[in-house]
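Listed here are the chains, written in short residue letters.
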Amino acid sequence: MDFLLVNGTALLFYLFAALAVLSAILVVSSRNPLHSAFALLVSFLAVAGLFFLRHAEFLAVVQIFVYGGGIMVLFLFVIMLVNLHRLQDAKIYGMQWPAALLLAVLFIGLVSWVVAGVQFSPANLSPAALVSIDGEVVGNVEAVAWQLYQQYLLPFEIASLFLLVAMIGAVVLARTE
Amino acid sequence: MPPIAPQEFWLLVPEIVLAAFGMALLVAGSIGRGIGGRMAAAASLVGLAAAAVLVVWTQGQATMGAPILAGMFVLDGFALYWKVLFLVATALTVFLSVRFIEDGGYRAGEYYSLLLLATTGMMLMVSGFNLVSIWISLELMALSSYILVGYFKFERRSNEASLKYFILGALSSGIMLYGISLLYGATHTLALPALAGSLSVAVLQGDLLSTVGWILLAVGLFFKVSAAPFHVWTPDVYVGAPTPVTGYLAVASKAAAFAILVRIFYQGLAPLVIDWQIVVAAVATLSMIWGNIAALTQRNVKRMLAYSSIAHAGYILMGVLAASETGLWALMFYLLAYTFFTLGAFGTVILLERREYAGETLDDYAGLARRAPFLAACMLIFLLALTGIPPTGGFFGKVYLFAAAIEAGWTWVAVIGVLTSAISLYYYMAVVVQMYFKDSEEITPIPMRAPGLIAAIGFCAVVTVILGLLPGIFVNLAKSSILPLAWNLL
């Protein structure tokens, strides 16, 4: 019991992390598009769990709302509307998949080796930074809003232009003339 | 970080006006039967001109080189130079597009709207002073380009190009963003000056996290400038896209990516100069060799120009490699000249293009000197400039770049540059041979309708020659625009 209390956060981290990675692998390896979609949902939720563990509550809830909710529904609509049955017997990997796998493993190995060697200073691991504005303790949502509308106001506005372009693009390419 | 003062937003007015014109075109395009092609083109030219005037005006209002809007945005001579260049390149693209869109029978409103929004992204990007604002502006530009590439949606080639560009572009953006996140992990900042400060400490400690971070960031940037080995998308996308869009990608998009590559490398990653010079040298060499050798076997002129664009990315990277003031203005001068001769070459392809992709293969250029002497003469100037032969802007551009590399002690890269330029003579001159020394069965003169397009081609040819005869004026322009800048390297 003591072991669980002391290492609870770490255990939960490994649980969610493993879930996120395994379901992500399922997304690309499954032949049934519906299975892929549900594996993706699990992956999104596991990542939301990781955000909760880091005390980024706002991000976690948005992750569930936007990705787990909105994006998932869109995927399911597409699977429903587009006839995807032929995917069952189509080849889902190209010729180069062994090379791609090798490169991916090498890349993951390299990044893990580098990250394992980094000494993160304790201040950066503290969750207090996520809930304070100028030293005053507030909620996580307020802290995010403060950052977004103060320091990151310009990128925030550019992002709205970006979403407009995405919308125009979808209409332009999908409209029947 | 002090809060943002409301008057700081006035300094964004050129970008806001340009985006507003883009959105107005979108609305005009969806009312009733939509806006006519010529009308939309005229409106976008007005928008571009207004933005150009405002860019110069805001420059006088701002404190040069002082970051504003919470450190996200900066107005300096460097940004001014590029913004004017992007606006000129976009205006020329508009001239190139009018007849092409009309003949293709596609709606004009959305096309010009996306063109203006992509340019807005470039202008925001080159003034970006923080990796967050730079990345999101880059994405604004890229997303607009993906749609423009696929704009001719009833052509398979255009669909294929758009999909390839989108998937590979999204992958490269992801890699870049991952690199940025690692840099943030290593330095706790994304503002370029602070990043340089943190990295100079990290270098001393032999930090590996920031090394992986900047390499991934650089990979994303190399993809955008289509440098080998991150160039695989270029030939298919350039061939499949509507030709005016190809010209826009080859010129404005590439110039914007180079501008931001230089800003990030020179201002943010300055302490790592010894490390990134090695990477840039390797990428530049590979691009020059690969681009020029692959171009040798092409029979399609658009595809040949795509490989030539990869090779040119290699030459231009030499200016980055030099990591000096000379390298910087050489790069700026070269991209100025490159804008005119490359857009001119694509303009000529557009004028010759007919249904069934005629005008794209080398054989379509046979006997052009007799069928359209003016066009052949202009194309000759552009091809000479692409090779780097006087009296064109391409010659001095290359001389300055090679000189900058040699001055910085990278003689072997410059030698490869000269050798590969010699190789490029073969495939550029193949077009000249077709135009002037081959006869075609068809001898009827090519109809010279579309006066706007012909004027644009003529303008490009004249500017290319002026840049070759009086390079000093433009070099001084580039030099003066980097002067008030606090470059960490220089």
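Residues numbered from 1 in each chain as written. Chains lettered and ligands numbered in written order. Predicted model: local features only at pLDDT ≥ 70, side-chain atom pairs only at ≥ 80, totals over all residues. Heavy atoms only, no water.

Engineer: I tried to follow the overall build of chain A on my own but got confused; where do I start?
Structural biologist: Looking only at helices and strands, chain A has 7 helices and 2 strands in total. Going residue by residue from the N terminus, the α and β elements of chain A occur as α-α-α-α-α-β-β-α-α. For chain A, with 177 residues in total, the buried portion stands at 21%. Within chain A, residue pairs in contact and separated by at least 24 positions form 55% of the contacts whose partners lie at least 6 positions apart. Accessible surface, chain A as shown: approximately 12,300 Å² in total, 75% of it carbon and sulfur. (Helix = DSSP H or I, 4+ residues; strand = E, 2+ residues; numbered from the N terminus. Buried < 20%, exposed > 50% of the residue type's maximum accessible area, 1.4 Å probe, protein only. Contact = heavy atoms within 4.5 Å. Areas by Shrake-Rupley, 256 points an atom, 1.4 Å probe, with all protein chains shown as cover.)

Engineer: Explain the interface of chain A and chain B to me, please; I cannot follow it from the model alone.
Structural biologist: Contacts between the two partners involve 27 residues from chain A, matched on the other side by 39 residues from chain B. Of the roughly 3,000 Å² buried at the junction of chain A and chain B (both faces included), carbon and sulfur atoms supply 82%. Three residues stand out in chain A for area buried against chain B, namely Leu154(A), Phe162(A) and Val165(A), and they jointly supply 19% of the buried area on that side. Inspection of the region where chain A meets chain B yields 1 residue pair in polar contact (both at pLDDT 80 or more). Of all elements in the fold, only helix H4 (97-116) and helix H7 (153-174) of chain A reach the threshold of two or more residues within the side of chain A that touches chain B. Ranked by residues supplied to the side of chain A that touches chain B, first place goes to H7(A) with 14 residues. The residue inventory of the side of chain A that touches chain B, partitioned by class, reads 21 nonpolar, 4 polar and 2 charged. (Buried area = accessible area lost by both parts, 1.4 Å probe. Polar contact = N/O pair within 3.5 Å; in protein donor to acceptor, adjacent residues only side chain to side chain. Nonpolar A, V, L, I, M, F, W, Y, C, P; charged D, E, K, R; others polar.)

Engineer: Help me understand the confidence of the model for chain A in this model?
Structural biologist: The predicted structure's coordinates, where accompanied by low pLDDT, should not be read in detail. A residue-level look at chain A finds 88% of positions with pLDDT of 70 or above and a mean pLDDT of 84. The element-level mean pLDDT for chain A is lowest in helix H5 (residues 122-125) of chain A, coming to 53, with H7(A) highest at 92. (pLDDT = per-residue confidence, 0-100.)

Engineer: How do you make sense of the packing of helix H13 (residues 325-352) of chain B against helix H15 (residues 373-387) of chain B when you look at a structure like this?
Structural biologist: The axes of two packed helices give the description: the angle between them and the distance between them. Residues and elements named next belong to chain B. Running from amino to carboxyl end, H13 crosses H15 at an angle of 140 degrees, the nearest separation of the two axes being 9 Å. In the crossing of H13 with H15, the sense of the turn from one axis to the other is left-handed. Between H13, through Phe340, Phe341, Thr342, Gly344, Ala345, Thr348, Leu351 and Leu352, and H15, the contact on the second element is made entirely by Leu375, Met379, Phe382, Ala385 and Leu386. (Axes fitted to C-alpha atoms, helices over the stretch in contact; angles between N-to-C directions. Left-handed = near helix turned anticlockwise from the far one by under 90°.)

Engineer: Mind showing me how you'd approach a nonpolar patch on the surface here?
Structural biologist: All names here are of chain A. On the surface, Leu45, Phe52, Val61, Ile64, Phe65, Val66 and Tyr67 cluster together into a nonpolar patch covering about 620 Å² of accessible area. Those elements that provide at least two residues to the nonpolar patch are helix H2 (33-53) and helix H3 (57-81). Sorting elements by how many residues they give to the nonpolar patch places H3 first, with 5 residues. Mapped onto the fold, phenylalanine 52 is located in helix H2. (Patch = residues over 30% accessible without salt bridge, like charges linked within 9 Å, V, L, I, M, F, W, Y side chains within 5 Å. Salt bridge = Lys/Arg side-chain N within 4 Å of Asp/Glu carboxyl O.)

Engineer: Honestly, the environment of Lys302(B) in this entry has me stumped. Any pointers?
Structural biologist: Residue and element names in this part refer to chain B. Inspection of the secondary structure assignment puts lysine 302 in helix H12 (residues 301-322). Lysine 302 sits in the buried class, given a relative accessible area of 1%. Taking the C-alpha atoms as reference points, lysine 302 and glycine 247, 55 residues apart in sequence, are found 9.7 Å from one another. Dropping the residues within four chain positions of it, lysine 302 is found in contact with Arg157, Tyr238, Val239, Ala241, Pro242, Thr243, Thr246, Phe346, Val349, Glu353 and Glu360.

Engineer: Help me understand the packing of aromatic side chains in this model?
Structural biologist: For any pair of aromatic rings, the description consists of the separation of the ring centres together with the inter-plane angle of the planes. Residue and element names in this part refer to chain B. Counted according to the given criterion, the structure contains 33 aromatic pairs over all chains. When the ring of tyrosine 338 is compared with that of phenylalanine 341, the centres are 5.9 Å apart and the planes differ by 80 degrees; the resulting orientation is edge-to-face. A residue pair is termed a helical-turn pair when its members lie 3 or 4 positions apart in one helix, as tyrosine 338 and phenylalanine 341 do in helix H13 at 3 residues. Here tyrosine 338 and phenylalanine 341 have matching classes, each one buried. Ring pairs connect the aromatic residues Phe100, Tyr106, Tyr111, Tyr112, Tyr151, Phe152 and Phe154, which therefore count as one cluster. (Phe/Tyr/Trp six-rings, centres within 6.5 Å; stacked < 30°, edge-to-face > 60°.)

Engineer: Explanation requested: the pattern of salt bridges in the structure shown.
Structural biologist: All names here are of chain B. This structure, assessed with the given rule, holds 9 salt bridges over all chains. The partner of aspartate 236 in a salt bridge is arginine 303, with the nearest N and O atoms 3.2 Å apart. Of the two residues, aspartate 236 sits in helix H9 (residues 234-240) while arginine 303 sits in helix H12, which places them 67 residues apart along the sequence. The exposure class of aspartate 236 is partly exposed, given its relative accessible area of 25%.

Engineer: For this particular structure, what's the right way to read unusual backbone geometry?
Structural biologist: What you tend to see is this: most non-glycine residues have negative phi, and most peptide bonds are trans. Residues and elements named next belong to chain B. At the junction of alanine 228 and proline 229, the peptide bond is cis and its omega measures out at 0 degrees in the coordinates. For the bond from proline 390 to proline 391, the omega torsion is 5 degrees, close enough to zero to count as cis. Tracing the backbone shows proline 391 in the loop between H15 and helix H16 (393-407). Unusually for a residue other than glycine, alanine 70 sits at a positive phi of about 60 degrees. Note on placement: alanine 70 falls in the loop between helix H2 (37-61) and helix H3 (77-104). Looking at alanine 70, the relative accessible area reads 9%, which means it is buried.

Engineer: I tried to follow the packing of H13(B) against helix H19 (residues 471-482) of chain B on my own but got confused; where do I start?
Structural biologist: Residues and elements named next belong to chain B. At a minimum axis distance of 9 Å, the contact between H13 and H19 shows a crossing angle of 125 degrees. Classified by the angle between their axes, H13 and H19 sit oblique to one another. The way H13 lies across H19 gives a crossing that is right-handed. Across the interface between the two elements, Glu325, Leu328, Trp329, Met332, Phe333 and Leu336 from H13 touch Pro471, Phe474, Val475, Ala478, Lys479, Ser481 and Ile482 from H19. Of the residues belonging to the contact of H13 with H19, the class tally is 10 nonpolar, 1 polar and 2 charged. (Parallel < 35°, antiparallel > 145°, perpendicular 65-115°, else oblique.)

Engineer: Just checking my understanding: could you explain the state of the cysteines for this structure?
Structural biologist: Here, disulfide denotes a covalent bond that connects the sulfur atoms of two cysteines. Residues and elements named next belong to chain B. Applying the stated criterion across every chain, the model contains 0 disulfides over all chains. Residue cysteine 378 stays outside any disulfide, its sulfur separated by 8.9 Å from that of cysteine 460, the closest cysteine. Given the relative accessible area of 2%, cysteine 460 is considered buried. (Disulfide = S-S within 2.5 Å.)

Engineer: Even after reading the chapter, I still don't get helix H1 (residues 2-29) of chain A, so can you show me in this structure?
Structural biologist: Structural remark: α-helix, 3.6 residues per turn; residues separated by three or four positions point the same way. Residue and element names in this part refer to chain A. In this model H1 runs 39 Å from its N-terminal to its C-terminal C-alpha over 28 residues, within 8% of the 40 Å that 1.5 Å per residue would give. Where H1 bends most, at glycine 8, the angle is about 70 degrees. When we look at burial in H1, the residues that qualify are Gly8, Ala17, Ala20 and Ser23. Buried residues along H1 sit in contact with H2. (Expected span 1.5 Å × (residues − 1). Bend = angle between axes of the 7 residues up to and from the residue.)

Engineer: Can you walk me through the side chain of Gln298(B) in this structure?
Structural biologist: Residue and element names in this part refer to chain B. Relative to the helices and strands, glutamine 298 is located in the loop between helix H11 (273-295) and H12. A polar contact is formed between the side chain of glutamine 298 and the backbone oxygen of alanine 294, at a distance of 3.0 Å. Not counting residues within four places of it along the chain, the set of residues in contact with glutamine 298 comprises Arg303, Met304, Tyr307 and Leu362.

Engineer: How do you make sense of the nonpolar core when you look at a structure like this?
Structural biologist: A general trend in soluble globular proteins is that nonpolar side chains are found buried together. Within the largest apolar cluster, 194 residues are counted, with the highest numbers of intra-cluster contacts made by Trp82(B), Phe265(B) and Trp276(B). Sorting elements by how many residues they give to this core places H13(B) first, with 20 residues. The residues touching Phe265(B), leaving out its near neighbours within four places in the chain, are Ala218(B), Leu221(B), Ala270(B), Trp276(B), Val280(B) and Val320(B). Membership of the second largest hydrophobic core comes to 7 residues, among which are Val118(A), Leu182(B), Leu209(B) and Val212(B). (Core = buried A, V, L, I, M, F, W, Y, C linked by side-chain atoms within 4.5 Å.)

Engineer: Sorry, what's going on with the confidence of the model for chain B here?
Structural biologist: Overall, the prediction assigns chain B a mean pLDDT of 89, with 96% of residues at 70 or greater. Within chain B, helix H5 (residues 131-149) of chain B carries the highest mean pLDDT (95), whereas helix H7 (residues 192-204) of chain B carries the lowest (83).

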